[in-house]
Amino acid sequence: MALYPNLIIEALKNVKYPGNGKNIVENEMVEDDIRIDGNKVSFSLIFDKPTDPFIKSVVRAAEAALPVYASPDIDVKDRISVKFRQAAHAPKPENPLPGVKNIIGVSSGKGGVGKSTVAANLAVALAAKGYKVGLLDADIFGPSMPKMFGVEDEQLYMVNQNGRDWIEPVEKYGVKMLSIGFVVKRDEAVLWRGGMASNALKQLITDAWWGDLDYFLIDMPPGTSDIHLTLVQTLAITGVVVVSTPQEVALADARKGIAMFQGDKVNVPVLGVVENMAWFTPAPHPDEKYYIFGQGGAERLAKELDLPLLAQIPLVAQICETLDLGHPTALSLVAEQNTSALEGGNPEAEAFSALADRVVEETERRNATLPATSKVEVHG
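Worth saying up front: this structure is predicted, and the values here are computed from it rather than measured.

Calculation criteria
Residues numbered from 1 in each chain as written. Predicted model: local features only at pLDDT ≥ 70, side-chain atom pairs only at ≥ 80, totals over all residues. Heavy atoms only, no water. Axes fitted to C-alpha atoms, helices over the stretch in contact; angles between N-to-C directions. Helix = DSSP H or I, 4+ residues; strand = E, 2+ residues; numbered from the N terminus. Parallel < 35°, antiparallel > 145°, perpendicular 65-115°, else oblique. Contact = heavy atoms within 4.5 Å. Nonpolar A, V, L, I, M, F, W, Y, C, P; charged D, E, K, R; others polar. Left-handed = near helix turned anticlockwise from the far one by under 90°. Patch = residues over 30% accessible without salt bridge, like charges linked within 9 Å, V, L, I, M, F, W, Y side chains within 5 Å. Areas by Shrake-Rupley, 256 points an atom, 1.4 Å probe, with all protein chains shown as cover. Salt bridge = Lys/Arg side-chain N within 4 Å of Asp/Glu carboxyl O. Phe/Tyr/Trp six-rings, centres within 6.5 Å; stacked < 30°, edge-to-face > 60°. Buried < 20%, exposed > 50% of the residue type's maximum accessible area, 1.4 Å probe, protein only. Polar contact = N/O pair within 3.5 Å; in protein donor to acceptor, adjacent residues only side chain to side chain. Expected span 1.5 Å × (residues − 1). Arc of directions from axis to C-beta. Pairing = 2+ DSSP bridges.

Asks: Could you give an account of the packing of helix α4 (residues 115-128) against helix α12 (residues 347-369), naming the residues involved and the relevant values?
Replies: For the pair α4 and α12, interaxial distance at closest approach is 9 Å and the crossing angle is 75 degrees. Overall, the two elements α4 and α12 adopt an arrangement that is roughly perpendicular. Only F352, L355, A356, V359 and V360 of α12 make contact with α4, whose side of the interface consists of V118, N121, L122, A125 and L126. By residue class, the composition of the contact of α4 with α12 is 9 nonpolar, 1 polar and no charged.

Asks: How would you summarise the packing of helix α8 (residues 248-262) against helix α9 (residues 297-304) if you had to cite specific residues and measurements?
Replies: How two helices sit against one another is set out by the angle between their axes and by the gap between those axes. Put simply, α8 and α9 touch, their axes get as near as 10 Å, and they point 30 degrees apart. The orientation of α8 with respect to α9, classified from their angle, is roughly parallel. Once α8 is placed against α9, the crossing between them reads as right-handed. Contacts between α8 and α9 involve E248, L251, A254, R255 and I258 on the former and, on the latter, G297, A298, R300, L301 and E304. Of the residues in the contact of α8 with α9, the class split is 5 nonpolar, 1 polar and 4 charged.

Asks: How would you sum up a nonpolar patch on the surface? Please name residues and give values.
Replies: A cluster of nonpolar side chains, F280, Y290 and I292, forms an exposed patch at the surface whose accessible area comes to about 290 Å². Tracing the backbone shows Y290 in the loop between β12 (270-280) and α9.

Asks: Please give an account of the packing of aromatic side chains that cites residues and values.
Replies: For the structure on display, the rule yields 6 aromatic pairs. For the pair Y131 and Y215, a centre-to-centre distance of 5.4 Å together with 90 degrees between the ring planes defines the contact as edge-to-face. Pair noted here: Y131 is in the loop between α4 and β5 (133-137) and Y215 is in strand β10 (residues 213-219), with a separation of 84 residues, a long-range link. Its relative accessible area of 28% is what places Y131 among the partly exposed residues.

Asks: Tell me about the side chain of N102, residues and numbers included.
Replies: Positionally, N102 belongs in strand β4 (residues 100-108). Within polar-contact distance, the side chain of N102 engages the backbone oxygen of D214 at 3.2 Å. Ignoring sequence-local partners within four residues, the contact set of N102 consists of D214, Y215, F216, T238, T363 and N367.

Asks: Quick one: what's the story with helix α2 (residues 55-69), residue by residue and with numbers?
Replies: Between its first and last C-alpha, α2 extends 21 Å over 15 residues, near the 21 Å set by a 1.5 Å rise per residue. Listed in full, the buried residues belonging to α2 are I55, V58, V59, A62, E63, A65 and L66. Buried residues along α2 cover an arc of 165 degrees about the axis, so they all sit on one side. For α2, the exposed residues lying more than 90 degrees away from the buried face are K56, R60 and V68. Contacts made by the buried residues of α2 are with α1 (5-12), β2 (40-47) and β3 (80-84).

Asks: Please provide a residue-by-residue account of the environment of V240, values included.
Replies: Within the element layout of this structure, V240 appears in strand β11 (residues 239-244). On the accessibility criterion, V240 (0% relative accessible area) is buried. Here the alpha-carbon distance between V240 and I9, two residues 231 residues apart in the chain, equals 52 Å. In this structure, V240 is in contact with G105, M220, F261, V268, P269, V270, L271 and G272, ignoring residues within four places of it in sequence.

Asks: Outline the sheet that holds strand β9 (residues 175-179), supporting the account with residue identities and numerical values.
Replies: Working definition: the strands of a sheet are paired by backbone hydrogen bonds and lie parallel or antiparallel to each other. Strand order in the open sheet made by the 8 strands is β8-β9-β5-β10-β4-β11-β12-β13, with mixed pairing throughout. Each edge of the open sheet is held by one strand with a lone partner, namely β8 (170-172) and β13 (309-315). Direction aside, neighbouring strands of the sheet carry axes that sit 25 degrees apart on average. Sheet contacts for α8: β4, β11 and β12; angle to β11, the most-contacted strand, approximately 170 degrees. Running over the sheet, α12 touches β4, β10, β11, β12 and β13 and is turned about 165 degrees from β13.

Asks: I'd like a rundown of the side chain of T230, residues and numbers included.
Replies: One can find T230 in helix α7 (residues 226-234). We classify T230 as buried; its relative accessible area is 7%. One polar contact links T230 to S198, side chain to side chain, over a distance of 2.8 Å. Once residues within four sequence positions are removed from consideration, T230 is found in contact with S198 and K202.

Asks: With reference to specific residues and values, describe the pairing of β9.
Replies: It is a general feature of regular strands that their side chains alternate between the two faces of the sheet. Across the 5 residues that make up β9, a large majority, 4, are buried. Judged from the 5 bridges that link them, β5 and β9 form a sheet pairing that is parallel. Each bridged residue has a counterpart across the sheet, and for L136 the counterpart in β9 is L178. The pairing of β8 with β9 spans 3 bridges and is antiparallel. Paired with V170 across the two strands is M177, which belongs to β9. Taken together, β8 and the strand that follows it, β9, pair antiparallel across an intervening segment of 2 residues, in which Y173 is found at a positive phi of about 55 degrees.

Such coordinate-based values are descriptive only and should not be taken to indicate function.
Spelled out as structure tokens, the structure:
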């Protein structure tokens, strides 16, 4: 029996679309691309959106109908393509941060390794070197940046730009910064479900006037969570810096975090590893090093995964003490950038200065050798 397009169309009129009870031809769901090669038939079905719950059942019904109503010899199995009206006509998603050149995540596999300390000092160090820097405290359930920058009592204000009102980031030490800590009570726990936390985070990104920035740093929550998914769905992240201590338990969790970013579904480049609390040097004995959490663990991890070791930050009480007072250690760079006093005089500030240089170097290398990161698209 000869096959021809109208015969296929007539047969498909026997396939109902469960959403409204009409057949798929009535619903204009059969694309005008029917191809017939002997007994092999292929064509496309058009659905409104990728989340249509009836896609699979309608495709199976169409495959079953053609041998019954057209010809038993038809070969149509796995030859029906699916298209979406929304996908065809959806506008290209806007870049929520058009003035930002590089978006850098600062991540850790577990809490307690000093990720936020590194993020705060990296931001200040970059600003001290003349870069325009923004910092988003995305650690929704443990926001610490307001305290680290000494701005816990700051109020957020709106600014009018381009005809609309935006949240204005708090600016200190040359860094524009926002945190959920500004909109919740300081001494109360944030009891939000995942969706509420994600929406709040999106608002801090898309409803704030960040302006032109060279580097937009994100202090991510520890581990892997739906907050990370929200971030990679909202922003095309240039790369991430992974922070770990030399301790084996921290390294094991760091591996998982690195695997998440490098996986096919996320695919965000890892710029390198920072070994925090690498060693302890007592002030009276500056030449001595005590490896309290083990020696060189993050260095070995970086070598094992073929990633750069960006910095080894010593364990120095002053780093924590100054942050508790709202004065990141890297502020020494601002005070001494026009003198030679920094050289050899402040090893922890030197470490953060070197980290900033390496992040800039690895970001430029990444941009020169890899395509731009895409936001993660989720269909379900």
